[in-house]
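Okay, here's what each chain looks like letter by letter:
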Amino acid sequence: MKVWLLDNGSIVIEHTQLMWNVPGPQVRLPVYSVLVEHEQELILFDTGIDLDHMNRVLPFELPEQTPEQTIPAQLEICGFGLGDVTTLVNSHLHIDHVGGNQLFQDTGVRNLIHERELAQARNHEPFEFFGYSDKSWDYEGANIDTVSGDVELAPGVWLYETPGHTVGHYSYLFLGEKPMLFAVDVAYTAAAYEKGIQPGFHHTPVDGVRSIARVKSLAEQHGADVYFSHDMDAWNTYRHAPDFYEL
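These remarks concern the structure in this document. The structure displayed is predicted, hence computed values, not measured ones. (Residues numbered from 1 in each chain as written. Predicted model: local features only at pLDDT ≥ 70, side-chain atom pairs only at ≥ 80, totals over all residues. Heavy atoms only, no water.)

Here the focus is the sheet that holds strand S11 (residues 225–228). Here five strands make up an open sheet; going across it, the order is S7-S8-S9-S10-S11 and the pairing mixed. At either end of the open sheet lies a strand with only one pairing partner, and these are strand S7 (151–154) and S11. Going across the sheet, the axis of each strand differs from the next one's by a mean of 25°, ignoring polarity. Strand direction decides the pairing type here: strand S10 (residues 180–184) and S11, joined by four bridges, are parallel. Counted as the bridge partner of Val184 is Phe228 from S11. (Pairing = 2+ DSSP bridges. Helix = DSSP H or I, 4+ residues; strand = E, 2+ residues; numbered from the N terminus. Axes fitted to C-alpha atoms, helices over the stretch in contact; angles between N-to-C directions.)

A few words now on the sheet that holds strand S5 (residues 110–114). Across the sheet, seven strands lie side by side as S6-S5-S4-S3-S2-S1-S12; this open sheet has mixed pairing. Here the strands that pair on one side only, and so sit at the sheet edges, are strand S6 (143–147) and strand S12 (245–246). Sheet topology places strand S2 (residues 27–38) next to strand S3 (residues 41–45); five bridges connect them, and they run antiparallel. From the neighbouring strand, Val36 faces S3, where its bridge partner is Ile43. Of the strands in this sheet, S5 and S6 are in contact with helix H5 (residues 115–122), which crosses S5 at around 85°. (Contact = heavy atoms within 4.5 Å.)

Quick look at the pairing of strand S8 (residues 157–161) now. Bridge count for S7 against S8 is three bridges, and the pairing is antiparallel. Within S8, the position partnered with Ala154 by the bridge is Val157. Joining the antiparallel neighbours S7 and S8 is a turn of two residues, in which Gly156 adopts a positive phi near 85°. Summarising the sheet, S8 and strand S9 (residues 170–174) pair through five bridges and their orientation is antiparallel. Bridged to Trp158 within S9 is Leu173.

The subject of this paragraph is the side chain of Ser171. Along the chain, Ser171 turns up in strand S9. Ser171 sits in the buried class, given a relative accessible area of 1%. A distance of 3.3 Å separates a polar side-chain atom of Ser171 from the backbone oxygen of Ala183. If near-sequence neighbours (up to four positions away) are discounted, Ser171 is found in contact with Trp158, Leu159, Tyr160, Thr162, Phe182, Ala183, Val184, Val186 and Val215. (Buried < 20%, exposed > 50% of the residue type's maximum accessible area, 1.4 Å probe, protein only. Polar contact = N/O pair within 3.5 Å; in protein donor to acceptor, adjacent residues only side chain to side chain.)

Our next topic: the packing of aromatic side chains. Within the structure shown, the criterion is met by 17 aromatic pairs. Among the aromatic residues, ring-to-ring pairing joins Tyr32, Phe45, Tyr172, Phe174, Phe182, Tyr227, Trp235, Tyr238 and Tyr245 into one connected group. A cation over an aromatic ring shows up here: Lys216 above the ring of Tyr193, its NZ or CZ 5.3 Å from the ring centre. (Phe/Tyr/Trp six-rings, centres within 6.5 Å; stacked < 30°, edge-to-face > 60°. Lys NZ or Arg CZ within 6 Å of the ring centre and 35° of its normal.)

As C-alpha cells, this is what we get:
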C-alpha cells in the first residue's frame, strides 16, 4: 500500500483552540489530506479547506491555499484524477476536512462518514457553528455511506472511533512494516498529545481525553508512528506528495 500526504494549505487559529484553554500566541497550522492506494481501491481521507468558504465565513483564520494545494492538483501530482478515487472518508465534518468534497459531485465516489457525525453536522449545537459551517459536502446525490464502531475498511486499513472533538470522529491506522496512525483532531499537535490536551471545537471533553488515551494505546499495541493533523513542526518532517510512504 502507498500513502501520500496531500498539502491543502494552512489556517491560523488562537492558541486556546490549538490546546484547549491554554493561552499563547496565534499559530499557523497545516491542513492536509491522506491518499491511500490499496490493491484495487484508491481511498482519500479528508479534503482540506475550501478557500472561498474560509474567506467568506472565517476570514479571521487567515486561510492560505494556492492552486497547487487544491485536491485536484494534489491528486494530479500523484498521478490520479478525481474520478480515480473510489472511497472518500471524512474523519469528521469540520471546515478543514470537507472543503474539497464538493469536487467529487459528478464522480459517484462512496463517501464514508460516522452515522453520528452525519446527524450532528446536519443539526449541530450553536457552539459548533463555525466548525460545521461548510455544508458543501452535503450536495444533492452525494453517495453517503454511514458506519459506526471500529471498521476495517480494507485489509490493514482501520478506522477507530475516537469521539470528543466531535461526536463521530474517526482516527485511522494503516498496518504494514511500519504502521501509520493518524490521530487527526484527537490532538492537533505532538505537545498536546503528550500532555493529554484536546483541541477546541470539542463536543464532549471527557470523551476527548479518553480518545487521546485510546490513540496512545493503539500506537503502543501496533508499534505505530503517530501523525498529527495540525502540527507545523511535525508536518515539516513528513513526506509530502509526490513523495510517499510504502507499507
